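Per-entry structural report
Each chain, written out:
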Amino acid sequence: MTAHDNTTHEMHALEARIIACRACPLANGRTHAVPGEGDYNAVVMFVGEGPGFEEDRQGRPFVGASGRFLTRYCKPMASAAKTSTSPTS
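Throughout this document, residue positions are counted from 1 along each chain, in the order its sequence is written. For this predicted model, a pLDDT threshold of at least 70 governs which residues receive local features, and a threshold of 80 or more governs which side-chain atom pairs are given and counted, while totals over whole chains, interfaces and linings are taken from all residues. No hydrogens and no water enter the side-chain calculation; it runs on all heavy atoms of the structure.

**Quick notes on unusual backbone geometry**
Its identity is not glycine, yet F62 carries a phi of approximately 55 degrees, on the positive side. Here a strand is any run of E in DSSP of at least two residues, a helix any run of H or I of at least four, and the numbering for each starts at the N terminus. Its location among the elements puts F62 in the loop between α3 (53–58) and α4 (65–80). Relative accessibility decides the category of a residue: with a 1.4 Å probe and only protein chains considered, values under 20% of the type maximum give buried, values over 50% give exposed, and everything between is partly exposed. For F62, a relative accessible area of 17% puts it in the buried group.

**Brief notes about the layout of surface pockets**
By volume, the largest pocket is sized at about 350 Å³. Residues are said to line a cavity or pocket when one of their atoms sits within 4 Å of a point; the points come from a 1 Å grid over protein atoms alone, cavities being sets where a 1.4 Å probe fits but cannot get out and pockets being open sets with protein on both sides within 12 Å along at least five of seven lines. Contributing to the lining of the largest pocket are 17 residues, with L26, A27, R30, A33 and P51 lying nearest its centre. Only α1 (3–20) and α2 (26–29) provide two or more residues apiece to the lining of the largest pocket. Top element by residues in the lining of the largest pocket is α2. It accounts for three residues. Throughout this entry, Asp, Glu, Lys and Arg are counted as charged residues, while Ala, Val, Leu, Ile, Met, Phe, Trp, Tyr, Cys and Pro are counted as nonpolar. The remaining residues, Gly among them, count as polar. Along the lines of polarity and charge, the residues of the lining of the largest pocket split into nine nonpolar, four polar and four charged. Grid points are joined across faces, edges and corners, and a volume is the space filled by probe spheres set on the points.

If you want it as structure tokens, here you go:
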């Protein structure tokens, strides 16, 4: 198993734990857990405060106003630097 394969396996296991977690009150009011998405070996990771309404509804990070901001301002910088990113809430 390569380091990349190991990272992918560990991240899938972490996602499963996040989705199943009921340890705090956030779990009671959520529609979806939002563990993140993107390149597991990203050089840059955007971590949000927590899922907003749209993130909870869709189960995806940064799909609301913050996501529009990141898409507009940060992704072009990452592309210019040829750097992968990984958003999460």
